[in-house]
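Spelled out from the first residue to the last, the chains are:
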Amino acid sequence: MFDYPTVKIVFKQKRSNTLNEAPLYLKYIQKRKTNLISLQKKMPIQCWKGDPKEYFYKDDPNRHPMADQVNLYLKKKLLKAKQIILQAQIEEKPIFFETFRQEFSGITKSMAFKDLAEKYINQKIGEGARSLTIISHNSKKNKVVEYSPNLDIHEINEEWISKYEAYLRLQLKNESNTIAKDMQFIRAVCLMAIKDNLIKINPFANYKIKRTSTTPSSLTLEEVKLLRKLYDAKAIRGSLQKSLKRFLWSCYTGMDFQDTNHIQYEHLYKTENQWVLEFTRIKTGVNYLVPLSKEAKTLIKLKKNKNGKIFPQMSNQKTNKYLKEVLSIARIRKQITFHSARHTFGTNSINAGIPREIVKKMMGHSKNDMTDHYARLMPSTIINTSLELWNKQ
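Everything numeric here is computed off the predicted structure, so don't read it as measured data.

Quick word on the packing of aromatic side chains
So, point 1. The final tally for this structure, using the stated rule, is 14 aromatic pairs.
So, point 2. An angle of 65° between the planes, with centres 6.3 Å apart, marks the rings of Phe279 and Tyr288 as edge-to-face. Assigned by exposure class, Phe279 and Tyr288 land together as buried.
So, point 3. A network of ring pairs unites the aromatic residues Tyr28, Phe97, Phe100 and Phe104 as a single cluster.
So, point 4. Directly above the ring of Tyr73 sits Lys41, whose terminal nitrogen or CZ lies 4.8 Å from the centroid.
So, point 5. The cationic tip of Lys77 hangs over the ring face of Phe104; the distance from NZ or CZ to the ring centre is 5.3 Å.

So, in C-alpha coordinates, the structure goes:
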(Lines give C-alpha, C1' and ligand atoms only; values in the text may rest on other atoms or scores of the structure.)
Protein backbone atom coordinates (compact mmCIF):
# COMPACT_ATOMS: atom_id res chain seq x y z
CA MET A 1 0.00 0.00 0.00
CA PHE A 2 1.32 3.43 -0.92
CA ASP A 3 1.83 6.22 1.60
CA TYR A 4 -0.44 9.03 0.40
CA PRO A 5 0.01 12.66 1.51
CA THR A 6 -2.28 14.97 3.46
CA VAL A 7 -2.83 18.64 2.57
CA LYS A 8 -4.10 21.80 4.21
CA ILE A 9 -3.99 25.60 3.84
CA VAL A 10 -1.52 27.45 6.06
CA PHE A 11 -0.79 31.12 6.76
CA LYS A 12 2.90 31.97 7.34
CA GLN A 13 3.00 35.00 9.60
CA LYS A 14 6.77 34.81 9.97
CA ARG A 15 7.10 35.57 6.24
CA SER A 16 5.09 38.78 6.38
CA ASN A 17 6.14 41.85 4.39
CA THR A 18 6.41 45.54 5.36
CA LEU A 19 2.64 45.95 4.89
CA ASN A 20 2.11 43.25 7.53
CA GLU A 21 0.78 40.86 4.88
CA ALA A 22 1.64 37.16 5.09
CA PRO A 23 1.54 34.57 2.30
CA LEU A 24 -0.83 31.61 2.00
CA TYR A 25 0.49 28.13 1.20
CA LEU A 26 -0.74 24.63 0.56
CA LYS A 27 1.01 22.41 3.08
CA TYR A 28 1.88 18.94 1.72
CA ILE A 29 2.81 16.26 4.29
CA GLN A 30 4.06 12.80 3.29
CA LYS A 31 6.14 10.38 5.34
CA ARG A 32 6.58 13.09 8.01
CA LYS A 33 8.19 15.36 5.44
CA THR A 34 6.63 18.74 4.74
CA ASN A 35 6.64 20.77 1.54
CA LEU A 36 4.95 24.10 0.82
CA ILE A 37 3.36 25.29 -2.42
CA SER A 38 2.70 29.00 -2.72
CA LEU A 39 -0.93 29.94 -3.44
CA GLN A 40 0.14 33.32 -4.81
CA LYS A 41 -1.98 35.18 -2.22
CA LYS A 42 -1.08 37.49 0.64
CA MET A 43 -3.48 38.62 3.36
CA PRO A 44 -3.16 41.11 6.25
CA ILE A 45 -2.25 39.19 9.39
CA GLN A 46 -5.12 40.72 11.42
CA CYS A 47 -7.65 39.34 8.89
CA TRP A 48 -6.61 35.71 9.21
CA LYS A 49 -8.92 34.44 11.94
CA GLY A 50 -10.41 31.35 10.41
CA ASP A 51 -11.06 27.96 11.93
CA PRO A 52 -7.86 25.90 11.39
CA LYS A 53 -10.01 23.00 10.19
CA GLU A 54 -11.77 24.97 7.47
CA TYR A 55 -9.43 27.93 6.90
CA PHE A 56 -12.29 30.48 6.63
CA TYR A 57 -12.51 34.02 8.03
CA LYS A 58 -14.93 34.72 10.87
CA ASP A 59 -17.39 37.59 10.72
CA ASP A 60 -15.94 40.49 12.68
CA PRO A 61 -15.20 44.21 12.18
CA ASN A 62 -11.78 43.42 10.72
CA ARG A 63 -13.20 41.12 8.05
CA HIS A 64 -11.32 41.68 4.80
CA PRO A 65 -13.45 43.11 1.96
CA MET A 66 -12.24 40.34 -0.37
CA ALA A 67 -12.82 37.58 2.20
CA ASP A 68 -15.53 35.77 0.22
CA GLN A 69 -13.49 35.72 -2.97
CA VAL A 70 -10.36 34.59 -1.12
CA ASN A 71 -12.27 31.89 0.77
CA LEU A 72 -13.74 30.57 -2.48
CA TYR A 73 -10.26 30.57 -4.07
CA LEU A 74 -8.84 28.63 -1.11
CA LYS A 75 -11.70 26.13 -1.19
CA LYS A 76 -11.05 25.44 -4.89
CA LYS A 77 -7.31 25.01 -4.32
CA LEU A 78 -7.81 22.64 -1.41
CA LEU A 79 -10.43 20.67 -3.35
CA LYS A 80 -8.09 20.38 -6.35
CA ALA A 81 -5.28 19.09 -4.13
CA LYS A 82 -7.51 16.47 -2.54
CA GLN A 83 -8.85 15.37 -5.93
CA ILE A 84 -5.31 14.75 -7.20
CA ILE A 85 -4.60 12.55 -4.19
CA LEU A 86 -7.95 10.75 -4.47
CA GLN A 87 -7.39 10.01 -8.16
CA ALA A 88 -4.00 8.45 -7.36
CA GLN A 89 -5.67 6.30 -4.68
CA ILE A 90 -8.41 5.18 -7.07
CA GLU A 91 -5.82 4.21 -9.70
CA GLU A 92 -3.64 2.63 -6.99
CA LYS A 93 -0.66 4.63 -8.18
CA PRO A 94 2.04 6.18 -5.98
CA ILE A 95 2.20 9.95 -5.73
CA PHE A 96 5.30 12.05 -5.18
CA PHE A 97 5.63 15.69 -4.26
CA GLU A 98 7.15 16.83 -7.55
CA THR A 99 4.48 14.98 -9.53
CA PHE A 100 1.80 16.49 -7.29
CA ARG A 101 3.29 19.97 -7.55
CA GLN A 102 3.41 19.81 -11.35
CA GLU A 103 -0.25 18.73 -11.60
CA PHE A 104 -1.46 21.11 -8.88
CA SER A 105 0.32 24.06 -10.45
CA GLY A 106 -0.85 23.18 -13.97
CA ILE A 107 2.68 22.68 -15.29
CA THR A 108 2.55 20.38 -18.31
CA LYS A 109 6.15 19.10 -18.29
CA SER A 110 6.14 15.33 -18.68
CA MET A 111 7.46 13.39 -15.72
CA ALA A 112 7.42 10.03 -17.53
CA PHE A 113 10.87 8.45 -17.71
CA LYS A 114 10.27 7.45 -21.34
CA ASP A 115 9.64 11.07 -22.38
CA LEU A 116 12.61 12.39 -20.42
CA ALA A 117 14.87 9.68 -21.84
CA GLU A 118 13.81 10.62 -25.37
CA LYS A 119 14.51 14.27 -24.58
CA TYR A 120 17.99 13.31 -23.35
CA ILE A 121 18.65 11.26 -26.51
CA ASN A 122 17.48 14.14 -28.71
CA GLN A 123 19.87 16.46 -26.88
CA LYS A 124 22.71 14.05 -27.64
CA ILE A 125 21.69 13.95 -31.30
CA GLY A 126 21.80 17.77 -31.32
CA GLU A 127 25.28 17.66 -29.80
CA GLY A 128 26.45 15.46 -32.68
CA ALA A 129 26.53 12.08 -30.94
CA ARG A 130 27.36 9.22 -33.27
CA SER A 131 24.68 6.87 -34.58
CA LEU A 132 26.02 3.90 -32.62
CA THR A 133 25.77 5.91 -29.40
CA ILE A 134 22.16 6.87 -30.15
CA ILE A 135 21.29 3.25 -30.95
CA SER A 136 22.82 2.22 -27.63
CA HIS A 137 20.89 4.91 -25.71
CA ASN A 138 17.61 3.85 -27.33
CA SER A 139 18.29 0.24 -26.43
CA LYS A 140 18.84 1.19 -22.77
CA LYS A 141 15.67 3.32 -22.76
CA ASN A 142 13.63 0.45 -24.23
CA LYS A 143 14.89 -1.96 -21.55
CA VAL A 144 13.62 0.37 -18.83
CA VAL A 145 10.26 0.87 -20.57
CA GLU A 146 9.84 -2.88 -21.01
CA TYR A 147 10.51 -3.38 -17.29
CA SER A 148 8.27 -0.51 -16.16
CA PRO A 149 6.10 0.92 -19.01
CA ASN A 150 4.58 3.81 -17.02
CA LEU A 151 7.61 4.70 -14.93
CA ASP A 152 7.54 8.18 -13.43
CA ILE A 153 10.90 9.86 -12.88
CA HIS A 154 10.05 10.19 -9.16
CA GLU A 155 9.64 6.45 -8.82
CA ILE A 156 13.37 6.02 -9.43
CA ASN A 157 14.86 5.70 -5.97
CA GLU A 158 17.39 3.41 -4.30
CA GLU A 159 14.82 0.62 -3.96
CA TRP A 160 13.81 0.84 -7.64
CA ILE A 161 17.46 0.90 -8.75
CA SER A 162 18.20 -2.21 -6.67
CA LYS A 163 15.21 -4.08 -8.14
CA TYR A 164 16.08 -3.04 -11.71
CA GLU A 165 19.68 -4.18 -11.25
CA ALA A 166 18.41 -7.58 -10.06
CA TYR A 167 16.11 -7.75 -13.11
CA LEU A 168 19.00 -7.04 -15.49
CA ARG A 169 21.27 -9.55 -13.80
CA LEU A 170 18.87 -12.42 -13.07
CA GLN A 171 16.21 -12.19 -15.76
CA LEU A 172 18.10 -10.67 -18.69
CA LYS A 173 21.38 -12.35 -17.69
CA ASN A 174 23.33 -9.11 -18.25
CA GLU A 175 26.97 -8.94 -17.17
CA SER A 176 28.19 -6.36 -14.64
CA ASN A 177 29.67 -4.01 -17.24
CA THR A 178 26.45 -4.07 -19.28
CA ILE A 179 24.46 -3.26 -16.15
CA ALA A 180 26.90 -0.43 -15.37
CA LYS A 181 26.25 1.14 -18.78
CA ASP A 182 22.47 0.87 -18.28
CA MET A 183 22.74 2.56 -14.89
CA GLN A 184 24.93 5.32 -16.32
CA PHE A 185 22.23 6.10 -18.86
CA ILE A 186 19.45 6.22 -16.26
CA ARG A 187 21.62 8.40 -14.01
CA ALA A 188 22.26 10.80 -16.90
CA VAL A 189 18.50 11.15 -17.47
CA CYS A 190 17.99 11.80 -13.73
CA LEU A 191 20.71 14.47 -13.71
CA MET A 192 19.01 16.16 -16.66
CA ALA A 193 15.73 16.09 -14.70
CA ILE A 194 17.49 17.77 -11.75
CA LYS A 195 18.86 20.44 -14.07
CA ASP A 196 15.33 21.02 -15.42
CA ASN A 197 14.01 21.37 -11.84
CA LEU A 198 11.80 18.32 -12.24
CA ILE A 199 13.35 16.51 -9.29
CA LYS A 200 15.54 17.74 -6.45
CA ILE A 201 17.38 14.64 -5.25
CA ASN A 202 19.74 12.46 -7.27
CA PRO A 203 18.52 8.86 -6.70
CA PHE A 204 22.01 7.62 -7.61
CA ALA A 205 23.72 9.67 -4.88
CA ASN A 206 24.37 6.58 -2.73
CA TYR A 207 24.52 4.04 -5.54
CA LYS A 208 27.91 2.89 -6.76
CA ILE A 209 28.00 1.84 -10.41
CA LYS A 210 30.03 -1.37 -10.39
CA ARG A 211 32.35 -2.41 -13.19
CA THR A 212 34.52 -5.49 -13.43
CA SER A 213 37.94 -5.58 -14.99
CA THR A 214 37.97 -8.05 -17.86
CA THR A 215 40.80 -9.55 -19.87
CA PRO A 216 39.92 -9.35 -23.57
CA SER A 217 39.79 -12.66 -25.44
CA SER A 218 42.22 -13.00 -28.33
CA LEU A 219 43.79 -15.65 -30.53
CA THR A 220 47.44 -16.58 -30.78
CA LEU A 221 49.26 -16.42 -34.12
CA GLU A 222 49.07 -20.22 -34.31
CA GLU A 223 45.29 -20.14 -33.84
CA VAL A 224 44.93 -17.47 -36.53
CA LYS A 225 47.01 -19.60 -38.90
CA LEU A 226 44.79 -22.58 -38.11
CA LEU A 227 41.69 -20.60 -39.05
CA ARG A 228 43.37 -19.41 -42.25
CA LYS A 229 44.10 -23.00 -43.24
CA LEU A 230 40.45 -23.81 -42.64
CA TYR A 231 39.42 -20.90 -44.85
CA ASP A 232 41.89 -21.70 -47.67
CA ALA A 233 40.82 -25.36 -47.63
CA LYS A 234 37.23 -24.24 -48.30
CA ALA A 235 36.12 -26.89 -45.86
CA ILE A 236 33.19 -24.74 -44.80
CA ARG A 237 30.69 -22.96 -47.01
CA GLY A 238 28.21 -20.13 -47.21
CA SER A 239 27.78 -17.80 -44.26
CA LEU A 240 30.38 -19.64 -42.17
CA GLN A 241 33.06 -19.05 -44.80
CA LYS A 242 32.03 -15.41 -45.29
CA SER A 243 32.08 -14.76 -41.55
CA LEU A 244 35.48 -16.39 -41.19
CA LYS A 245 36.88 -14.26 -44.04
CA ARG A 246 35.69 -11.07 -42.36
CA PHE A 247 37.02 -12.23 -38.98
CA LEU A 248 40.46 -13.02 -40.44
CA TRP A 249 40.56 -9.59 -42.11
CA SER A 250 40.04 -8.01 -38.71
CA CYS A 251 42.77 -10.21 -37.21
CA TYR A 252 45.13 -8.87 -39.90
CA THR A 253 44.04 -5.20 -39.78
CA GLY A 254 42.41 -4.54 -36.39
CA MET A 255 39.23 -3.29 -38.09
CA ASP A 256 36.08 -3.45 -35.96
CA PHE A 257 32.83 -4.98 -37.23
CA GLN A 258 31.00 -1.74 -37.99
CA ASP A 259 33.86 -0.59 -40.21
CA THR A 260 33.96 -3.87 -42.14
CA ASN A 261 30.41 -3.13 -43.34
CA HIS A 262 31.63 0.12 -44.92
CA ILE A 263 35.21 -0.59 -46.07
CA GLN A 264 35.67 -0.30 -49.84
CA TYR A 265 38.55 -1.08 -52.18
CA GLU A 266 38.93 2.68 -52.62
CA HIS A 267 40.20 2.82 -49.01
CA LEU A 268 43.20 0.70 -50.05
CA TYR A 269 46.07 2.26 -51.97
CA LYS A 270 49.65 1.54 -52.86
CA THR A 271 52.62 3.58 -51.67
CA GLU A 272 55.81 2.52 -53.48
CA ASN A 273 55.76 -1.25 -52.97
CA GLN A 274 53.35 -1.44 -50.05
CA TRP A 275 49.56 -1.61 -49.97
CA VAL A 276 47.98 0.45 -47.20
CA LEU A 277 44.55 0.61 -45.61
CA GLU A 278 43.43 4.10 -44.56
CA PHE A 279 40.02 4.56 -43.00
CA THR A 280 38.16 6.75 -40.51
CA ARG A 281 36.60 4.78 -37.68
CA ILE A 282 32.82 5.14 -37.62
CA LYS A 283 32.72 4.76 -33.84
CA THR A 284 35.21 7.50 -32.95
CA GLY A 285 35.89 9.48 -36.12
CA VAL A 286 39.63 8.83 -35.69
CA ASN A 287 41.65 8.16 -38.83
CA TYR A 288 43.90 5.10 -38.85
CA LEU A 289 46.53 3.68 -41.16
CA VAL A 290 47.48 -0.01 -41.49
CA PRO A 291 50.04 -1.52 -43.88
CA LEU A 292 48.52 -4.66 -45.34
CA SER A 293 50.31 -7.92 -44.63
CA LYS A 294 50.68 -10.65 -47.22
CA GLU A 295 47.90 -12.59 -45.47
CA ALA A 296 45.51 -9.61 -45.67
CA LYS A 297 46.19 -9.01 -49.37
CA THR A 298 45.76 -12.65 -50.40
CA LEU A 299 42.60 -12.97 -48.29
CA ILE A 300 40.73 -10.41 -50.41
CA LYS A 301 42.70 -11.18 -53.61
CA LEU A 302 43.83 -7.58 -53.79
CA LYS A 303 44.69 -6.12 -57.16
CA LYS A 304 44.57 -2.75 -58.87
CA ASN A 305 41.40 -1.15 -60.23
CA LYS A 306 39.07 -3.06 -57.90
CA ASN A 307 36.21 -1.02 -56.51
CA GLY A 308 33.08 -1.33 -54.40
CA LYS A 309 32.56 -2.84 -50.96
CA ILE A 310 34.99 -5.49 -49.80
CA PHE A 311 32.43 -7.30 -47.60
CA PRO A 312 28.64 -7.68 -47.92
CA GLN A 313 26.38 -6.13 -45.29
CA MET A 314 25.97 -8.43 -42.28
CA SER A 315 24.82 -8.15 -38.67
CA ASN A 316 27.26 -8.54 -35.80
CA GLN A 317 24.87 -10.86 -33.98
CA LYS A 318 24.59 -13.29 -36.89
CA THR A 319 28.33 -13.15 -37.54
CA ASN A 320 29.09 -14.05 -33.92
CA LYS A 321 26.70 -16.98 -34.19
CA TYR A 322 28.54 -18.27 -37.29
CA LEU A 323 31.94 -17.69 -35.67
CA LYS A 324 30.93 -19.89 -32.77
CA GLU A 325 30.33 -22.73 -35.24
CA VAL A 326 33.62 -22.04 -37.05
CA LEU A 327 35.62 -22.16 -33.81
CA SER A 328 33.92 -25.41 -32.89
CA ILE A 329 34.93 -26.89 -36.25
CA ALA A 330 38.50 -25.64 -35.75
CA ARG A 331 38.48 -27.06 -32.18
CA ILE A 332 39.49 -23.73 -30.68
CA ARG A 333 38.01 -23.72 -27.16
CA LYS A 334 37.83 -20.01 -26.40
CA GLN A 335 34.99 -17.56 -25.82
CA ILE A 336 35.50 -15.51 -28.97
CA THR A 337 33.35 -12.81 -30.59
CA PHE A 338 34.09 -10.78 -33.69
CA HIS A 339 35.58 -8.01 -31.54
CA SER A 340 38.18 -10.53 -30.34
CA ALA A 341 39.81 -10.19 -33.78
CA ARG A 342 40.62 -6.57 -32.93
CA HIS A 343 42.13 -7.69 -29.62
CA THR A 344 44.07 -10.33 -31.53
CA PHE A 345 45.54 -7.72 -33.87
CA GLY A 346 46.58 -5.44 -31.00
CA THR A 347 48.02 -8.25 -28.88
CA ASN A 348 49.95 -9.91 -31.72
CA SER A 349 51.27 -6.55 -32.95
CA ILE A 350 52.67 -5.72 -29.52
CA ASN A 351 54.15 -9.19 -29.14
CA ALA A 352 55.79 -8.82 -32.56
CA GLY A 353 57.71 -5.86 -31.13
CA ILE A 354 55.79 -3.06 -32.88
CA PRO A 355 55.98 0.06 -30.66
CA ARG A 356 52.77 0.92 -28.83
CA GLU A 357 52.59 4.37 -30.41
CA ILE A 358 52.47 2.76 -33.85
CA VAL A 359 49.91 0.18 -32.70
CA LYS A 360 47.84 3.08 -31.36
CA LYS A 361 47.87 4.75 -34.82
CA MET A 362 47.07 1.51 -36.62
CA MET A 363 44.07 0.83 -34.36
CA GLY A 364 42.73 4.37 -34.48
CA HIS A 365 42.97 4.92 -30.72
CA SER A 366 42.74 8.44 -29.34
CA LYS A 367 44.27 7.53 -25.96
CA ASN A 368 47.21 5.41 -24.91
CA ASP A 369 45.24 3.51 -22.26
CA MET A 370 42.92 2.19 -24.99
CA THR A 371 45.90 0.56 -26.68
CA ASP A 372 47.01 -0.86 -23.33
CA HIS A 373 43.54 -2.41 -22.93
CA TYR A 374 43.78 -4.22 -26.26
CA ALA A 375 47.45 -5.10 -26.23
CA ARG A 376 48.30 -7.91 -23.82
CA LEU A 377 51.78 -9.45 -23.70
CA MET A 378 51.93 -13.19 -24.10
CA PRO A 379 53.87 -15.10 -21.40
CA SER A 380 56.35 -16.28 -24.05
CA THR A 381 57.10 -12.64 -25.01
CA ILE A 382 57.68 -11.67 -21.38
CA ILE A 383 59.98 -14.63 -20.79
CA ASN A 384 61.97 -14.39 -24.05
CA THR A 385 62.38 -10.59 -23.93
CA SER A 386 63.44 -10.65 -20.28
CA LEU A 387 65.98 -13.44 -20.87
CA GLU A 388 67.34 -11.66 -23.95
CA LEU A 389 67.94 -8.45 -22.00
CA TRP A 390 69.33 -10.21 -18.94
CA ASN A 391 71.76 -12.25 -21.07
CA LYS A 392 73.14 -9.02 -22.56
CA GLN A 393 74.32 -7.84 -19.12
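Digging into the layout of surface pockets
So, point 1. When its volume is computed, the second largest pocket comes out at roughly 1,400 Å³.
So, point 2. What lines the second largest pocket is a set of 40 residues, among which Ile95, Phe96, Phe97, His154 and Glu155 lie closest to the centre.
So, point 3. When residues of the lining of the second largest pocket are traced back to their parent elements, those giving at least two are strand S2 (21-30), strand S3 (33-44), helix H1 (67-90), helix H2 (97-105) and helix H5 (158-171).
So, point 4. Sort the elements by how many residues they give to the lining of the second largest pocket and H2 lands first, with five residues.
So, point 5. A per-class count over the lining of the second largest pocket returns 17 nonpolar, nine polar and 14 charged.

Overview of the sheet that holds strand S5 (residues 274-280)
So, point 1. Read across the sheet, three strands follow the order S4-S5-S6 without closing on themselves; strand pairing throughout is antiparallel. At either end of the open sheet lies a strand with only one pairing partner, and these are strand S4 (268-271) and strand S6 (287-291). Taking the axes of each pair of neighbouring strands and ignoring which way they run, one obtains an average angle of 30° across the sheet.
So, point 2. For S5 and S6, the ladder comprises five bridges, and the chain directions are antiparallel. What sits directly across from Thr280, in S6, is Asn287.

Here's the deal with the pattern of salt bridges
So, point 1. In this structure the tally under the stated criterion is eleven salt bridges.
So, point 2. The salt bridge involving Arg228 is made with Asp232; its shortest N-O contact spans 3.1 Å. Residue Arg228 and its partner Asp232 are located together in helix H7 (residues 221-232), separated by four residues, close to a single helical turn.
So, point 3. Exposure remark for Asp232: the relative accessible area of 46% places this residue in the partly exposed category.
So, point 4. Bridged by salt links that share partners, the residues Glu165, Arg169 and Lys210 form one connected network.

Structural notes on the nonpolar core
So, point 1. Grouped together as the largest cluster of nonpolar side chains are 45 residues, with contacts concentrated most on Leu227, Phe247, Trp249, Leu268 and Leu277.
So, point 2. Every element with two or more residues in this core is listed here: H7, helix H8 (238-253), S5, S6, helix H10 (294-299), helix H11 (316-330), helix H12 (339-351) and helix H13 (356-363).
So, point 3. Examining the composition of this core, we find that seven residues originate from one element, H8, more than from any other.
So, point 4. Contact partners of Leu227, with chain neighbours within four places excluded, come to Leu219, Leu244, Phe247, Leu248, Val326, Leu327, Ala330 and Ile332.
So, point 5. Residues Phe113, Leu116, Ala193 and Leu198 belong to the second largest nonpolar core, which totals 31 residues.

Section: the sheet that holds strand S1 (residues 6-11)
Two strands in a sheet stick together by hydrogen bonds in their backbones, pointing the same way (parallel) or opposite ways (antiparallel).
So, point 1. Judged by pairing direction, the sheet is antiparallel, and its three strands sit side by side in the order S1-S2-S3 without closing on themselves. Sheet topology places S1 and S3 at the edges, where each strand pairs with a single neighbour. Here the strands of the sheet are splayed against their neighbours by 20° on average, with no regard to which way each runs.
So, point 2. One ladder, built from six bridges, connects S1 with S2; its direction is antiparallel. Pairing of Thr6 across the sheet is with Ile29, part of S2.
So, point 3. Along the sheet, H1 contacts S1, S2 and S3; its crossing angle with S1, the most-contacted strand, is approximately 155°.
So, point 4. Sitting on the sheet, H2 is in contact with S1, S2 and S3, with an inclination near 25° to S3.

Remarks on H8
So, point 1. The end-to-end C-alpha distance of H8 is 23 Å, a good match for the 22 Å that 16 residues give at a rise of 1.5 Å each.
So, point 2. Counted residue by residue, H8 has twelve buried out of 16 residues, so it is predominantly covered.
So, point 3. Taken residue by residue, H8 has Leu240, Gln241, Ser243, Leu244, Arg246, Phe247, Leu248, Trp249, Ser250, Cys251, Tyr252 and Thr253 as its buried positions.
So, point 4. One or two steps after H8, the chain reaches Gly254, where phi turns positive at roughly 80°.

Details of the environment of Arg101
So, point 1. Topologically, Arg101 is positioned in helix H2.
So, point 2. Sequence spacing of Arg101 and Ala81 is 20 residues, and the spatial spacing of their C-alpha atoms is 9.3 Å.

Conventions we followed
- Each residue is numbered by its place in its chain's sequence as written, counting from 1.
- Reporting in this predicted model follows two pLDDT cut-offs: at least 70 for local features of residues, and 80 or more for side-chain atom pairs to be given and counted; totals over whole chains, interfaces and linings ignore these cut-offs and use all residues.
- Side-chain descriptors were evaluated using all non-hydrogen atoms of the structure, hydrogens and water having been removed beforehand.
- Here the aromatic set is Phe, Tyr and Trp, taking the six-membered ring for Trp, and pairing holds for ring centres within 6.5 Å; pairs whose planes are under 30 degrees apart are stacked, those over 60 apart are edge-to-face, and all others are tilted.
- Only protein chains enter the accessibility calculation, which uses a 1.4 Å probe; a residue whose area is less than 20% of its type maximum is buried, one above 50% is exposed, and one in between is partly exposed.
- Distance and angle both matter: a charge sits over a ring if NZ of Lys or CZ of Arg is within 6 Å of the ring centre and within 35 degrees of the ring normal.
- Cavities and pockets are found on a 1 Å grid laid over the protein atoms alone: a cavity is a set of points where a 1.4 Å probe fits but cannot escape, a pocket is an open set with protein on both sides within 12 Å along at least five of seven lines, and a lining residue has an atom within 4 Å of such a point.
- Grid points are joined across faces, edges and corners, and a volume is the space filled by probe spheres set on the points.
- Where helices and strands are cited, they refer to DSSP runs of H or I of at least four residues and of E of at least two residues respectively, numbered from the N terminus.
- Asp, Glu, Lys and Arg are counted as charged, while Ala, Val, Leu, Ile, Met, Phe, Trp, Tyr, Cys and Pro are counted as nonpolar; the rest, among them Gly, fall into the polar class.
- Strands qualify as paired when DSSP identifies two bridges or more between them.
- A fitted line through C-alpha atoms represents every axis, and for helices the fit uses only the stretch in contact; the resulting angles, taken between N-to-C directions, go from 0 to 180 degrees.
- The salt bridge definition used is simple: a Lys or Arg side-chain nitrogen within 4 Å of an Asp or Glu carboxyl oxygen.
- Remark: nonpolar core denotes a set of buried residues (Ala, Val, Leu, Ile, Met, Phe, Trp, Tyr, Cys) joined through side-chain atoms within 4.5 Å.
- Any pair of residues with heavy atoms lying within 4.5 Å of one another is described as a contacting pair.
- Under the convention used throughout, the expected extent of a helix is 1.5 Å for every residue step, that is, one less than its residue count.

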